[in-house]
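In case you want the letters, here they are:
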Number of protein chains: 2
Amino acid sequence: MERRERADAARNRRAILRAAEELLRMHPPEQVSVERVAAAAGVGKGTVFHRFGSRTGLMRELMAERVRELEQAVAEGPPPLGPGAAPADRLAAFLDAVARLAARNGNLIAAHEHAVATRKAPEQPRQENPIYLSWHRHVSGLIAQARPDVDAEEIAHMLLGTLHMEPIAAQLRAGRPERLAAAFATLVRALLGEEGRSDG
Amino acid sequence: MERRERADAARNRRAILRAAEELLRMHPPEQVSVERVAAAAGVGKGTVFHRFGSRTGLMRELMAERVRELEQAVAEGPPPLGPGAAPADRLAAFLDAVARLAARNGNLIAAHEHAVATRKAPEQPRQENPIYLSWHRHVSGLIAQARPDVDAEEIAHMLLGTLHMEPIAAQLRAGRPERLAAAFATLVRALLGEEGRSDG
DNA sequence: GACAAAGTTGACCAGTGGTCCATATATTAA
DNA sequence: TTAATATATGGACCACTGGTCAACTTTGTC
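Each value, and the rule that gives it
Residues numbered from 1 in each chain as written. Chains lettered and ligands numbered in written order. Predicted model: local features only at pLDDT ≥ 70, side-chain atom pairs only at ≥ 80, totals over all residues. Heavy atoms only, no water. Helix = DSSP H or I, 4+ residues; strand = E, 2+ residues; numbered from the N terminus. Buried < 20%, exposed > 50% of the residue type's maximum accessible area, 1.4 Å probe, protein only. Contact = heavy atoms within 4.5 Å. Areas by Shrake-Rupley, 256 points an atom, 1.4 Å probe, with all protein chains shown as cover. Lys, Arg positive; Asp, Glu negative; His and termini not counted. Charge placed at Lys NZ, Arg CZ, Asp CG, Glu CD. Buried area = accessible area lost by both parts, 1.4 Å probe. Salt bridge = Lys/Arg side-chain N within 4 Å of Asp/Glu carboxyl O.

Visitor: Even after reading the chapter, I still don't get the overall build of chain A, so can you show me in this structure?
Guide: When its secondary structure is counted, chain A shows 10 helices and 0 strands. The helix and strand sequence of chain A, counted from the amino end, reads α-α-α-α-α-α-α-α-α-α. Summarising its shape, the C-alpha atoms of chain A cover approximately 55 × 45 × 30 Å along the three principal directions. For chain A, buried positions account for 49% of its 200 residues. Residue pairs at least 24 apart in sequence account for 65% of intrachain contacts in chain A once pairs closer than 6 positions are excluded. Carbon and sulfur atoms make up 51% of the accessible area of chain A, which amounts to about 10,400 Å² in all. Once the 28 positive and 26 negative side-chain charges of chain A are each reduced to a mean point, those two points are 8 Å apart.

Visitor: Before we go on, may I ask you to explain the interface of chain A and chain B in this structure?
Guide: Accessible area lost upon the coming together of the parts is a frequently used measure of interface size. Facing the 29 residues of chain A at the interface are 29 residues of chain B. Summing both partners gives a buried area of about 2,400 Å² for chain A against chain B, and 69% of it is carried by carbon and sulfur. Contact with chain B buries surface across chain A, with E154, M158 and M165 of chain A losing the most and accounting together for 26% of the total. On the surface where chain A and chain B come into contact, there are 6 salt bridges. Two residues, R179 of chain B and E154 of chain A, come together in a salt bridge whose shortest N-O distance is 3.5 Å. When residues of the side of chain A that touches chain B are traced back to their parent elements, those giving at least two are α6 (106-118), α8 (152-161), α9 (166-173) and α10 (178-192) of chain A. Ranked by residue count, the leading element in the side of chain A that touches chain B is α10 of chain A, at 8 residues.

Interpretation in functional terms is not warranted from these geometric data alone.
Below, the structure is given as structure tokens:
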């Protein structure tokens, strides 16, 4: 089983991703239709759906590309982002990294949201965005370590949800993550205080 | 100037709002198109656009209807929701009320978001949702009173943004505001602590 | 070179939000 | 009542969307 992708298919996949990237850099998401991406990549529209399943799938793949680096730093990089630091410090570092990552890719996040909001054929039963799931697991785990008495999952949703808030997303798209990062820091300090600081 | 709305126009406006309400109760937002609303209300599609300007405008009007009561309680009702209580208590009460209001109208919020996300003709320059603006002003003002040292505006966005988070919105749509309300309380307590408790 | 598996394609579909204007109706003044 | 005018109406129409599919082409393998 598992034959690898044919050479022409791989070439087209790359062409499509690069074309989508380029178009998103120049235009707002709602103007980047699948047909335009296909044309810019020099392939037929059907090919895009073949490779990525849906407009949403295309955007998701694009996001996944940008996120791999952070995922790795979290899993096996040096503290405070990687394992080893106290939960509160890891959390602060992670949220800071997320804010900066989001600032570098604000338009892409917007495009992904737009794709989700306008999709016609709801994907197979509740296939949630795996990036979000993984971030949520991480944040929620860190909170739970430092403060076992609070509803860590719910609060993790609140913190991460910030990235989807239009007024804040606009700040990020403008390339200014500092304000969000500072607000994250304030909340982490208020919530975890010193509890999580020395090896919770 | 300012002639009042013609009688037939007023009748149709009500019919459209009620029809939209009804459809939204039975179907997910993406299945409630302007055309369907018009048909259910027994009017032509053009009439809906005439009255409400856009799909977004229709949803906004629907939301405004449900929100008036809370607005009034905040402006002139008894404490802790209304004026008079300490900022921390007012904030806790307000967020609790918002969570409960959202739980009663989760599908409507979703419909409004969907309308914004799928609109074709961007409304006149940045006409932001006035309901959101007013809530944000309130929350942000209360935080600033109790904690002049933090970025109240940004944190207010974070708190209110929660309502738009899909996993939490799903809880609310299912009619269970308690978990969100509790998380709000945790954060308010952590952030404002006792500072805002006795007449900030 | 043959052959199957994999990939490509663009016409096509059902549907959308929004526009337009000839037509119908409510209101007011005479 | 009627005539005049401002307002309201409806639905064909538009440009466009994400997504499908059956006929066709290319690739990799033996």
